[in-house]
Amino acid sequence: MVTRFRGVTRRRGILLHGQGGWGECAPFEEYGPDEACLWLRSAADAATSGLNIPAVRAEIPVNVTIPVIDPEAAASRASSSRCRTAKVKVADQNSSLESDEARVRSVADALAAEHGDAARVRIDANGAWDRDQAVAAITRLNQAAGAVGGLEYAEQPCQSVDDLAWVRRQVDVPIAADESIRRSDDPFRVVQAEAADLAVIKVAPLGGVRMALELAQRLEIPVVVSSALDTSIGLSAGVVLAASLPDLPYACGLDTGTLLGADVVDEPLRSSQGVLALDSARAILQSDALRESDVDSEARKELRDSGWIERVESMIENLA
Ligand SMILES: O=C(O)CCC(=O)C1=CC=C[C@@H](O)[C@@H]1C(=O)O
Ligand SMILES: [Mg+2]
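Fair warning: this is a prediction, and the values are worked out from it, not measured in the lab.

The rules behind these values
- Residues numbered from 1 in each chain as written.
- Chains lettered and ligands numbered in written order.
- Predicted model: local features only at pLDDT ≥ 70, side-chain atom pairs only at ≥ 80, totals over all residues.
- Heavy atoms only, no water.
- UniProt positions renumbered as here; feature names shortened; annotations may be inferred.
- Helix = DSSP H or I, 4+ residues; strand = E, 2+ residues; numbered from the N terminus.
- Contact = heavy atoms within 4.5 Å.
- Polar contact = N/O pair within 3.5 Å; in protein donor to acceptor, adjacent residues only side chain to side chain.
- Near = heavy atom within 4 Å.
- Areas by Shrake-Rupley, 256 points an atom, 1.4 Å probe, with all protein chains shown as cover.
- Nonpolar A, V, L, I, M, F, W, Y, C, P; charged D, E, K, R; others polar.
- Buried < 20%, exposed > 50% of the residue type's maximum accessible area, 1.4 Å probe, protein only.
- Disulfide = S-S within 2.5 Å.

Turning our attention to the UniProt feature "active site" (unreviewed entry) in the chain. Summarizing the sequence annotation, UniProt attributes the feature "active site" (unreviewed entry) to Lys89 and Lys202 in the numbering used throughout. Looking at where Lys89 falls in the secondary structure, it is placed in strand β5 (residues 85–89). Among all residues touching Lys89, those that are not within four sequence positions of it are Phe5, Ile66, Pro67, Val68, Asp100, Arg103, Asp124 and Asn126. Within the secondary structure, Lys202 sits in the loop between β9 (198–201) and α8 (209–219). Polar contacts involving the side chain of Lys202 include one to the side chain of Asp178, which spans 3.5 Å.

See below:
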């Protein structure tokens, strides 16, 4: 990673190649086999069946993702992205509410100056707040985003579905559920409890494009497709999903390629004028360029030494 993100400084994973093309499996290091096996299922589905899923749009509007960085750097990242929407990470171990406010204000001011009424700012707290902290923080950050008319939404302010529902009743800002969808035994509880206005869906943690598409159709609330800090291969699967959804009212969180220090393809998936192109994603998934021999031996040795082979074996056992 170029910048520490949600505590993550390094991404590791495996790529599968089959008659369907490329698939990516890179579960976060702390995920156990029961959760990680969904990422393997996702990669295997892409590599075997392929992701030739009918699309209803060719371009996906995306948000720029702003890690916990200083306000000036955040504004410059937002402006140079050309995206009209920014997602600002907040409530990180290393940030205070004051520094979150400064970052949100700086990004909102920069995007409003650049895109006027079309500019949007959303925040993501990764469940770090309790109920009262969430209400207080969302209220202050909503004010800090005054230049764009307040926050577009607040993603996963608290951990539990009950707390999300409670906070949602206290604030005017829409609430998005992320971890309550992708790390839950029952993603429908969010809807039943009226805990969120929209759902963030991610391909790999949900078992692949087809499973995520089915979930999106059954959730009955709007969805945003977001990345799991993937390489261009995982991001491309996200683009295929976003392109296939009947309704896509929000910009997607798929422009995270710039957060990685390196990628696995020569021409990584990057947005242009705030959109990602489905054609580019399909080309990456079908690319011949990437072969085992291109992976340097150092990386392969590290994968072996880090226990990843055993990790994949346990994912396979969980799949069976
Ligand atoms: O949504 C985005 O703009 C980018 C992706 C992103 O923020 C995340 C990707 C993967 C894990 C995360 O902690 C984080 C998220 O919580 O949404
Ligand atoms: Mg999130």
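What follows picks up the thread again.
The environment of ligand 1 is formed by 20 residues, the closest being Arg6, Thr65, Asn126, Lys202 and Ser226. Measuring from an oxygen atom of ligand 1, one finds a side-chain N or O atom of Arg6 at 3.2 Å. Between ligand 1 and Ser226, the relevant distance is 2.7 Å, taken from an oxygen atom to a side-chain nitrogen or oxygen of the residue. Burial of ligand 1 by the protein chains amounts to 99% of its free accessible area of 390 Å². Looking at the shell around ligand 1 residue by residue, the class counts come to 4 nonpolar, 7 polar and 9 charged.

Right, let's talk about unusual backbone geometry for a bit. With a phi close to 50°, Arg6 is a non-glycine residue in the positive phi region. In the Ramachandran plot, Gln156 falls in the positive-phi region, its phi being about 35° despite a non-glycine side chain. Within the secondary structure, Gln156 sits in the loop between β7 (154–155) and α5 (161–170). Judged by its relative accessible area of 1%, Gln156 is buried.

To continue, consider the UniProt feature "domain: Mandelate racemase/muconate lactonizing enzyme C-terminal" (unreviewed entry) in the chain. Using the residue numbers shown here, the UniProt feature "domain: Mandelate racemase/muconate lactonizing enzyme C-terminal" (unreviewed entry) corresponds to residues 71–174. The span residues 71–174 carries 52% helix and 12% strand; its end-to-end C-alpha distance comes to 24 Å.

Turning to the state of the cysteines, a few remarks are in order. Under the criterion given, the structure shown has 0 disulfides. A disulfide-free cysteine, Cys252 has its sulfur positioned 11 Å from the sulfur of Cys83, the nearest such atom.

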